[in-house]
Amino acid sequence: MVTAVPLVDVWRGGLLESQHLGHAVICDGTGQIVEAWGDPDTIVYPRSSAKLIQALPLIESGAADAVDLSTEHLALACASHTGATGHTETVNAWLDHIGLSDADFRCGSQAPLDEDAHADLIRAGKSPCQVHNTCSGKHAGFLTLGRHLKAGPEYIDPDHPVQTACLAAFEDVTGETSPGFGVDGCSAPNFMTRLHAMARAMAFFATAREDGDARHLAARRLWQAMIKHPEHVSGEGKACTELMRACSEPVALKFGAEGFYIGVLPKRGLGITLKIHDGAQRGAECAIATILVRLGVLDAKHPAAQTFMMPEIRSKAGILAGRIAPSEGFA
């Protein structure tokens, strides 16, 4: 068994103080590994990186077109947004359009990650709603699909038609039977797979054909929506949003909890997946930026690349104390 390898170093002064180990895979449209670090066969939860796959049945079923979902809606279906006003207003309007409300969500309430939106709630003396949940766009997609299928309200149950459709799509594009699932932070099932299989799925998105079947067309619409609306995929100042904007060609990026990241590179026909072993977000952000620079789609000197690939560590008084950087042999 291949173990996790050093991907990200944390330097304080001249001492390597910490190190993030992990696994990463770049896969082409044939399903073959182009480059890998660590163990491509490690079993993972893709967490929120799986949202592109979970949104496939929303389009394939005809549910999205039946209610005229826009590219903004599709981007939010794939998003882990910050609960900024633009995010919540769009999701609330979506719910209203399909005749549902915040009470129909099953994702749970969450304080907005967006500082302005959070402050607005506090000033107004209001509590967060489920629409503020970082996964409310995905859940609006689940509700839309469930309504279209005339299924029951408990759409997060593993045996619900919404989740069985998600599992079928997941196993098809990964090319493997999932060995099981866990409960995600938003209460929906999150299916396990090998890291290589998840990279294969992202390469499918990258190579989905314009003249292909419904699944190919759905995959294209989803990555195109993400690239058109990077502000909806995460939020201002966040790695997904800023790195997508910084790339020199169309690239769709999506993080997942516990140090997961995916990338879809349509012009290259490549899919990327990575998992930081200790779950650190800072490690995952550095690692995905490093791979994008390695592939030549992100300039290492771009401010976004510097922010996430080579972030400075400073004291509370602003004194430079160290730096995060890709490990030797990975950069």
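The rules behind each value
- Residues numbered from 1 in each chain as written.
- Predicted model: local features only at pLDDT ≥ 70, side-chain atom pairs only at ≥ 80, totals over all residues.
- Heavy atoms only, no water.
- Helix = DSSP H or I, 4+ residues; strand = E, 2+ residues; numbered from the N terminus.
- Buried < 20%, exposed > 50% of the residue type's maximum accessible area, 1.4 Å probe, protein only.
- Axes fitted to C-alpha atoms, helices over the stretch in contact; angles between N-to-C directions.
- Parallel < 35°, antiparallel > 145°, perpendicular 65-115°, else oblique.
- Contact = heavy atoms within 4.5 Å.
- Salt bridge = Lys/Arg side-chain N within 4 Å of Asp/Glu carboxyl O.
- Expected span 1.5 Å × (residues − 1).
- Polar contact = N/O pair within 3.5 Å; in protein donor to acceptor, adjacent residues only side chain to side chain.
- Pairing = 2+ DSSP bridges.

**Regarding unusual backbone geometry**
Trans peptide bonds make up the majority, and among non-glycine residues the majority have a negative phi. Phi at Lys150 is positive, roughly 55 degrees, even though this residue is not glycine. If you trace the backbone, Lys150 turns up in the loop between helix 7 (136–148) and helix 8 (161–174). Residue classification places Lys150 among the exposed positions, given a relative accessible area of 77%. Even without glycine at this site, Ser187 takes up a positive phi of about 80 degrees. Along the chain, Ser187 falls in the loop between strand 5 (181–183) and strand 6 (189–191).

**Section: the packing of helix 5 (residues 85–97) against helix 7**
Closest axis-to-axis distance for the helix 5/helix 7 pair is 10 Å, and the angle between their directions is 10 degrees. Here helix 5 lies roughly parallel to helix 7, going by the angle between them. Note on element contacts: helix 7 touches helix 5 through Ser136, Gly137, Ala140, Gly141, Leu143 and Thr144, opposite Val91, Trp94 and Leu95.

**As for the pattern of salt bridges**
Across all of its chains, the model carries 18 salt bridges by this definition. Of the charged contacts, one joins Glu236 and Arg245 as a salt bridge, the two residues approaching to 2.8 Å between their closest N and O atoms. Where salt bridges share partners, they join Asp41, Glu176, Arg194 and Arg200 into one cluster.

**Some details on helix 10 (residues 214–228)**
If you check helix 10, its first and last C-alpha atoms are 21 Å apart, about what 15 residues at 1.5 Å a residue would give, namely 21 Å. Between the side-chain oxygen of the N-cap and the backbone nitrogen of Arg215 there are 3.1 Å, and the N-cap of helix 10 in question is Asp213.

**Focus: the pairing of strand 8 (residues 252–256)**
Extensive coverage of strand 8 is indicated by the burial of four of its five residues. Pairing of strand 8 with strand 9 (residues 260–265), which is carried by five bridges, proceeds in the antiparallel orientation. When the sheet's bridge partners are listed, Leu253 is paired in strand 9 with Gly263. Turn length for the strand 8-strand 9 hairpin, with the two strands adjacent in sequence and antiparallel, is three residues, and the turn residue Glu258 shows positive phi of about 60 degrees.

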